[in-house]
Amino acid sequence: QVQLVESGGGLVQAGGSLRLSCAASGRTFSTTAMGWFRQAPGKEREFVAAISWSHSNTNYADAVKGRFTISRDNAKNTMYLQMNSLKPEDTAVYYCARRPEGGLRVHSYEYTYWGQGTQVTVSS
């Protein structure tokens with residue numbers, strides 16, 4: 001069984017930074033792609049970033065490109081999302097997700113395992 005647990009969310013002022021973590025347990029972590037998604041109230045879940053198993057390839061949504069950085073430490077079974085220059089529109093519940101295989105996919109249905117989410121609130 002795969003478990004994903006996010007942490008690091010909170011309240012921050014616009015222009016500030018947060019670092020989210022996603023701790024994975026269960027089946028092999030290092031050979032699958034992983035990603036971050038977010039969902040704001042009243043909106044659909046949207047893709048934020050994805051990283052390959054070797055962490056040599058990454059993909060970002062246009063809205064976060066240049067501000068967010070995704071990374072992973074396979075030895076620690078942990079993925080990260082460094083978020084800088086945060087904006088009020090970044091306010092959402094952030095979810096980490098894991099695919100059953102590789103590939104930097106952007107659709108939520110292409111990810112099999114999900115965490116419970118962590119709230120990020122950016123005040124103006």
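As shown above, the structure is provided for reference.
Nothing here was measured: the structure is a model prediction, and the numbers come from that model.

## Description of the pattern of salt bridges
So, step 1. Tallying each qualifying case throughout the model produces six salt bridges.
So, step 2. In this structure, glutamate 110 engages arginine 105 in a salt bridge whose closest nitrogen and oxygen atoms are separated by 3.5 Å.
So, step 3. Look at the salt bridges and you will find they share partners, linking Arg38, Glu46, Arg67 and Asp90 into a network.

## Remarks on unusual backbone geometry
So, step 1. Although it is not a glycine, asparagine 77 adopts a positive phi angle of roughly 55 degrees.
So, step 2. Tracing the chain through its elements places asparagine 77 in the loop between strand S7 (68-73) and strand S8 (78-83).
So, step 3. Judged by its relative accessible area of 30%, asparagine 77 falls in the partly exposed class.
So, step 4. In this structure, serine 85 is a non-glycine residue whose phi angle is positive, near 50 degrees.
So, step 5. Mapping serine 85 onto the fold places it in the loop between S8 and strand S9 (92-98).
So, step 6. Residue serine 85 is classed as partly exposed on the basis of its relative accessible area, which comes to 40%.

## Concerning the nonpolar core
So, step 1. Counting 32 residues, the largest nonpolar core has Trp36, Leu81, Met83 and Tyr94 as its most contacted members.
So, step 2. Mapped onto this core, the elements with two or more residues apiece are strand S3 (18-25), strand S4 (34-39), strand S5 (46-51), S7, S8, S9 and strand S11 (118-123).
So, step 3. No other element matches the five residues that S5 contributes to this core.
So, step 4. With sequence-adjacent residues up to four places away left out, methionine 83 is seen in contact with Gly16, Ser17, Leu18, Leu20, Arg67, Phe68, Tyr94 and Val120.

Rules behind the numbers
Residues numbered from 1 in each chain as written. Predicted model: local features only at pLDDT ≥ 70, side-chain atom pairs only at ≥ 80, totals over all residues. Heavy atoms only, no water. Salt bridge = Lys/Arg side-chain N within 4 Å of Asp/Glu carboxyl O. Helix = DSSP H or I, 4+ residues; strand = E, 2+ residues; numbered from the N terminus. Buried < 20%, exposed > 50% of the residue type's maximum accessible area, 1.4 Å probe, protein only. Core = buried A, V, L, I, M, F, W, Y, C linked by side-chain atoms within 4.5 Å. Contact = heavy atoms within 4.5 Å.

Scope: geometric values only; no functional claims are made or implied.
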